[in-house]
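# Understanding the architecture of this molecule
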Amino acid sequence: MNKKGGEKILSIWWFFILAVVGGIIAFSIIVFYSAKFDVRNSETEILYNRIIDCISENGFLKPEVLQENFDIFSECDFNKDSFEKEKNVFYFKIEFLRKKIETENVLDCTLSLAGQEAKHYPKCMEKTEKLSYLDGKEIKTIEVNILVASNQEGESEY
């Protein structure tokens, strides 16, 4: 009973199956890490919601926002590095009561706000919220215009 020939044929198939499985795993890893994710729309919504939550409370504009020395980065716990001109990733502009709070970098939102799509342009969102504030003893309502933009395409770093 000489079974040496059967073992040689089985080992060839075994290496073939290992090569196929290894190739499938390598292909899957390459496809996964080369994919680009466009997270700009989600980031603009998140940034907008964080700004609204930071400057208002129960539909009222927080009193510290009206002060001249209001620092939105420290009050809202934003990482100021993400809003620098060199990185040009995030942008926001808040306008109310002749007051404007915005980042140093400016992103071009003309295409995005017009409803057009462009591959390497930022995604922008502009909304107006009606908030109340206390002026002396009188409650007044104002419109707060907020423009947020994200230019981070979310591609893999690997």
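The coordinates are above.
Residues numbered from 1 in each chain as written. Predicted model: local features only at pLDDT ≥ 70, side-chain atom pairs only at ≥ 80, totals over all residues. Heavy atoms only, no water.

### Re the packing of aromatic side chains
Put simply, the rule reads: Each pair of aromatic rings taken from Phe, Tyr and Trp, with Trp reduced to its six-membered ring, is defined by centres within 6.5 Å and is described as stacked if the planes are under 30 degrees apart, edge-to-face if over 60, and tilted in the remaining cases. Only protein chains enter the accessibility calculation, which uses a 1.4 Å probe; a residue is then buried when its area is under 20% of its type maximum, exposed when over 50%, and partly exposed in between.
The full count for this structure, using the stated rule, is eight aromatic pairs. Here F78 and F83 contribute two aromatic rings whose centre-to-centre distance is 5.6 Å and whose plane-to-plane angle is 50°, an arrangement assigned as tilted. Residue F78 shares its accessibility class with F83, and that shared class is buried.

### Description of the pattern of salt bridges
We count it as follows: One side-chain nitrogen of Lys or Arg within 4 Å of one carboxyl oxygen of Asp or Glu is enough to make a salt bridge. What counts as a helix is a DSSP run of H or I of at least four residues, what counts as a strand is a run of E of at least two, and both are numbered from the N terminus.
On inspection of all chains with the given rule, the structure shows three salt bridges. The residue K100 makes a salt bridge to E102 at a minimum N-O spacing of 4.0 Å. Residue classification places E102 among the partly exposed positions, given a relative accessible area of 33%. For K130, the salt bridge goes to E143, with nearest N and O atoms at 4.0 Å. Of this pair, K130 sits in strand β5 (residues 123-135) while E143 sits in strand β6 (residues 138-150); the two residues are 13 residues apart in sequence, bridging distant segments of the chain. Assessed through its relative accessible area of 61%, K130 is described here as exposed.

### Concerning the pairing of β5
If a strand is regular, its side chains alternate between the two faces of the sheet. The cut-off we apply is this: Strands are treated as partners if at least two bridges between them are detected by DSSP.
In this structure, β5 lies alongside β6, joined through 13 bridges in antiparallel fashion. By the bridge assignment, L134 is partnered in β6 with I139. Taken together, β5 and the strand that follows it, β6, pair antiparallel across an intervening segment of two residues, in which G136 is found at a positive phi of about 75°.

### Description of the state of the cysteines
What we call a disulfide is simply a covalent bond connecting the sulfur atoms of a pair of cysteines. This is how it is decided: The disulfide criterion is simple: two cysteine sulfur atoms within 2.5 Å.
All chains considered together, the criterion is met by one disulfide. Bridging C54 to C76, the disulfide has an S-S length of 1.9 Å. When the S-S torsion is -90°, as for the bridge of C54 with C76, the disulfide is left-handed. Of the two residues, C54 is situated in helix α2 (residues 40-55) and C76 in the loop between α3 (72-75) and β3 (90-96); the sequence distance between them amounts to 22 residues. Across the pair, C76 and C54 agree in class, each one buried.

### Considering the nonpolar core
Which entries qualify depends on this criterion: Only buried Ala, Val, Leu, Ile, Met, Phe, Trp, Tyr and Cys residues count toward a nonpolar core, and they belong to the same one when joined by side-chain atoms within 4.5 Å. Residues are treated as being in contact if the distance between any of their heavy atoms lies within 4.5 Å.
Residues I51, I55, I72, F78, F92, I94 and I146 are the most contacted members of the largest nonpolar core, which totals 27 residues. Going through the elements one at a time, α2, α3, β3, β5 and β6 are the ones with two or more residues in this core. It is α2 that provides the largest number of residues to this core, a total of six residues. In contact with F92, other than residues within four places in its own chain, are I51, I72, F73, F78, F83, I101, E102, T103, L147 and V148.

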